[in-house]
Amino acid sequence: MNVFRLAGDVSHLVAIIILLLKIWRSKSCAGISGKSQVLFALVFTTRYLDLFTSYISAYNTVMKVVFLAMSYATVYLIYMRFRNTNNSENDTFRVEFLLVPVIGLSFLENYAFTPMEIMWTFSIFLEAVAIMPQLFMITKTGEAESITTHYLFFLGLYRALYIANWVWRYHTEGFFDQIAVVSGVVQTIFYCDFFYLYVTRVLRGRGKMSLPMPI
């Protein structure tokens, strides 16, 4: 394992911890898209089915269990424990517009036409777009709390570091996973505008990140 992948895993873990702590400490899930969190839980569920069929390393197994547990804990807090604070009126992204093409693409573009491989491919494609309900929610409300933007920053950083990981592996091992790389690049593109706003607004001390008003 190289430093870029390790840093990416840590950034991913930090992002989820920030989100969980935000919900738990504030006793509120306001500003958080439950739909995005359900999609991420679905990503981990379909990707880590091999948890029951293959063993790679202790690190790999532990991280899979942690991400699964934390993603479902987040969904539980949003839709059960603190459901009264869930502002569903702003969480209105039509997830079927993501799921239908992702499912279709998973059957068309995969490395082997087997249930496990199709599920893995589905998880890769879905992860690339799972953040869209959250970004749509921020666009709809026009602002986001700094703690939510910290979560999104570390989530985007995780993807950017994984791109560096793939570049490193290509140059050192000759390894290239076209499906993962293309999906990762697409997902990182979704964060580009957010990164700019995060640096120019949140890191300058504002309590919330407000989006620029349209002319």
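Structure shown above.
Residues numbered from 1 in each chain as written. Predicted model: local features only at pLDDT ≥ 70, side-chain atom pairs only at ≥ 80, totals over all residues. Heavy atoms only, no water.

S.K.: How would you summarise the overall build of the protein chain if you had to cite specific residues and measurements?
M.R.: A count of helical and extended segments in the protein chain gives 8 helices and 2 strands. Secondary structure elements in the protein chain, listed N-terminal to C-terminal, are α-α-α-α-α-α-β-α-α-β. The contacts in the protein chain between residues at least 6 apart in sequence include a share of 77% that link residues at least 24 apart. (Helix = DSSP H or I, 4+ residues; strand = E, 2+ residues; numbered from the N terminus. Contact = heavy atoms within 4.5 Å.)

S.K.: So what's going on with the environment of Val62? Residues and values would help.
M.R.: The topology assignment puts Val62 in helix H3 (residues 58-81). Residues Val62 and Leu51, 11 residues apart in the sequence, show an inter-C-alpha distance of 9.9 Å.

S.K.: Please set out the layout of surface pockets residue by residue, giving values where relevant.
M.R.: One number sums up the size of the largest pocket: a volume of about 760 Å³. Taken together, 31 residues line the largest pocket, and the ones lying closest to its centre are Arg5, Arg47, Asn60, Trp120 and Tyr162. A breakdown of the residues in the lining of the largest pocket according to their chemical character gives 15 nonpolar, 7 polar and 9 charged. (1 Å grid on protein atoms, 1.4 Å probe; cavity = no way out; pocket = protein on both sides within 12 Å on 5 of 7 lines; lining within 4 Å. Points joined across faces, edges and corners; volume = space filled by probe spheres on them. Nonpolar A, V, L, I, M, F, W, Y, C, P; charged D, E, K, R; others polar.)

S.K.: Can you tell me about empty space enclosed by the protein, naming the residues and giving the values?
M.R.: Within this structure, the stated rule accounts for 1 cavity of 30 Å³ or more. By volume, the largest cavity is sized at about 70 Å³. Forming the boundary of the largest cavity are His12, Ile16, Leu19, Gln37, Phe40, Phe44, Met70, Ser71, Thr74, Tyr151 and Leu155. Contributing elements (two or more residues each) for the lining of the largest cavity: helix H1 (3-26), helix H2 (34-47), H3 and helix H7 (146-173).

S.K.: Describe H1, naming the residues involved and giving the relevant values.
M.R.: Taking 1.5 Å of rise per residue, 24 residues should cover 34 Å, and H1 covers 34 Å from first to last C-alpha, within 8% of that figure. Three or more residues of H1 are buried, namely Gly8, Asp9, Ser11, His12, Ala15, Ile16, Ile18, Leu19, Leu20, Lys22 and Ile23. After H1 finishes, the residue Lys27 shows a positive phi value of roughly 55 degrees. (Expected span 1.5 Å × (residues − 1). Buried < 20%, exposed > 50% of the residue type's maximum accessible area, 1.4 Å probe, protein only.)

S.K.: Give me the lowdown on the packing of H2 against H3, citing residues and values where you can.
M.R.: Where H2 contacts H3, the two axes come as close as 9 Å, and the packing angle between them is 155 degrees. Comparing the axis directions of H2 and H3 gives the class roughly antiparallel. Crossing hand, H2 versus H3: left-handed. Here Gly34, Lys35, Gln37, Val38, Ala41, Phe44 and Thr45 of H2 come into contact with H3, specifically with Phe67, Leu68, Ser71, Tyr72, Thr74, Val75, Ile78 and Tyr79. Split into classes, the residues belonging to the contact of H2 with H3 amount to 9 nonpolar, 5 polar and 1 charged. (Axes fitted to C-alpha atoms, helices over the stretch in contact; angles between N-to-C directions. Parallel < 35°, antiparallel > 145°, perpendicular 65-115°, else oblique. Left-handed = near helix turned anticlockwise from the far one by under 90°.)

S.K.: Could you give me a rundown of the pattern of salt bridges, with the residues and numbers involved?
M.R.: The final tally for this structure, using the stated rule, is 6 salt bridges. Note that Arg94 is salt-bridged to Glu96, the shortest N-O span being 2.4 Å. Judged by its relative accessible area of 45%, Arg94 is partly exposed. Looking at Glu96, the relative accessible area reads 32%, which means it is partly exposed. Three or more residues joined by partner-sharing salt bridges are found here, namely Arg47, Glu127 and Arg159. (Salt bridge = Lys/Arg side-chain N within 4 Å of Asp/Glu carboxyl O.)

S.K.: Tell me about the packing of H2 against helix H6 (residues 132-141), residues and numbers included.
M.R.: The geometry of H2 relative to H6 is characterised by a closest axis approach of 7 Å and an angle of 170 degrees between their N-to-C directions. As summarised for this structure, H2 and H6 are arranged roughly antiparallel, according to the angle between their axes. Contacts between H2 and H6 involve Lys35, Ser36 and Leu39 from the former and Met132, Pro133 and Gln134 from the latter. A breakdown of the residues in the contact of H2 with H6 according to their chemical character gives 3 nonpolar, 2 polar and 1 charged.

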